[in-house]
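An overview of the molecular structure
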Amino acid sequence: MKKSQIIILTIFSILILTSSINVKGQNYATLNYWGQDVKLDRDFFQILNNKRSGFIEEVKSLRYYDFKDYNILYVSLVDNLKSNSFTIIVTEANEIQWRNGSNMTGADETNKKKKTRASWLYYKLLLPSLQEFVKIKL
């Protein structure tokens, strides 16, 4: 085999191998902020994670503090926000709503403590994170 044939065969092999690998970036939820749609991305999750430690320190002094429950609520929230079919909505009144996601833990619970924790998580952690993200993206 000639050197040029080997080079062409090698390039052809590489092209076949790379075309069979499906490389995709994560497709996160959509944020509808005051009527404008913005796709969440890694920047948002960086903001959310950075604010989380401050949030946990703040709620330690509040009534109904339970780290384990906050962790469950946080994981449920992040799971929804990582779903590309999920839409988180912030209205002009800074009210948080959502659609097309699994049940947001704590949001419809009859347990007063769990519902209170969920509200603090949504309005003291999620809402400020979404507002900061929107300032960067819009």
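Residues numbered from 1 in each chain as written. Predicted model: local features only at pLDDT ≥ 70, side-chain atom pairs only at ≥ 80, totals over all residues. Heavy atoms only, no water.

1. Here's the deal with the overall build of the protein chain
Along the protein chain, the regular secondary structure elements total four helices and four strands. Starting at the N terminus and walking to the C terminus, you meet the elements of the protein chain as α-β-β-α-α-β-β-α. The proportion of buried residues among the 138 residues of the protein chain is 35%. Residue pairs at least 24 apart in sequence account for 66% of intrachain contacts in the protein chain once pairs closer than 6 positions are excluded. (Helix = DSSP H or I, 4+ residues; strand = E, 2+ residues; numbered from the N terminus. Buried < 20%, exposed > 50% of the residue type's maximum accessible area, 1.4 Å probe, protein only. Contact = heavy atoms within 4.5 Å.)

2. Notes on helix α2 (residues 42-59)
The end-to-end C-alpha distance of α2 is 25 Å, a good match for the 26 Å that 18 residues give at a rise of 1.5 Å each. Along its length, α2 reaches its greatest deviation from straightness, about 30°, at Arg52. Restricting attention to buried positions, one finds in α2 the residues Phe44, Phe45, Ile47, Leu48, Phe55, Ile56 and Val59. The secondary structure elements touched by the buried residues of α2 are α3 (67-81) and α4 (112-137). Looking at where α2 begins, the residue whose side-chain oxygen comes 2.9 Å from the main-chain nitrogen of Asp43 is Asp41. (Expected span 1.5 Å × (residues − 1). Bend = angle between axes of the 7 residues up to and from the residue. Polar contact = N/O pair within 3.5 Å; in protein donor to acceptor, adjacent residues only side chain to side chain.)

3. Notes on the side chain of Ser129
Turning to its location among the elements, Ser129 is positioned in helix α4. Look past the residues within four positions of Ser129 in its chain and what remains in contact with it is Phe44, Ile47, Leu48 and Lys51.

4. Brief notes about the sheet that holds strand β1 (residues 30-33)
Pairing is mixed in the open sheet, where four strands are placed in the order β2-β1-β3-β4. Lying at the two open borders of the sheet, with one neighbouring strand each, are β2 (36-39) and β4 (96-99). The average undirected angle you get between the axes of adjacent strands in this sheet is 25°. Note that strand β3 (residues 87-90) and β4 share four bridges and pair antiparallel. (Pairing = 2+ DSSP bridges. Axes fitted to C-alpha atoms, helices over the stretch in contact; angles between N-to-C directions.)

5. Quick notes on the packing of α2 against α4
The angle between the axes and the distance between the axes are what describe a pair of packed helices. Viewed as axis vectors pointing N to C, α2 and α4 meet at an angle of 145°, and their least axial separation amounts to 9 Å. Regarding α2 and α4, the two cross each other, and that crossing is right-handed. Residues Asp43, Phe44, Ile47, Leu48, Lys51, Arg52, Phe55 and Glu58 of α2 form the contact with α4, whose own contacting residues are Trp120, Leu121, Lys124, Leu125, Leu126, Pro128, Ser129, Leu130, Glu132, Phe133, Ile136 and Lys137. Residues that form the contact of α2 with α4 fall into these classes: 12 nonpolar, one polar and seven charged. (Left-handed = near helix turned anticlockwise from the far one by under 90°. Nonpolar A, V, L, I, M, F, W, Y, C, P; charged D, E, K, R; others polar.)

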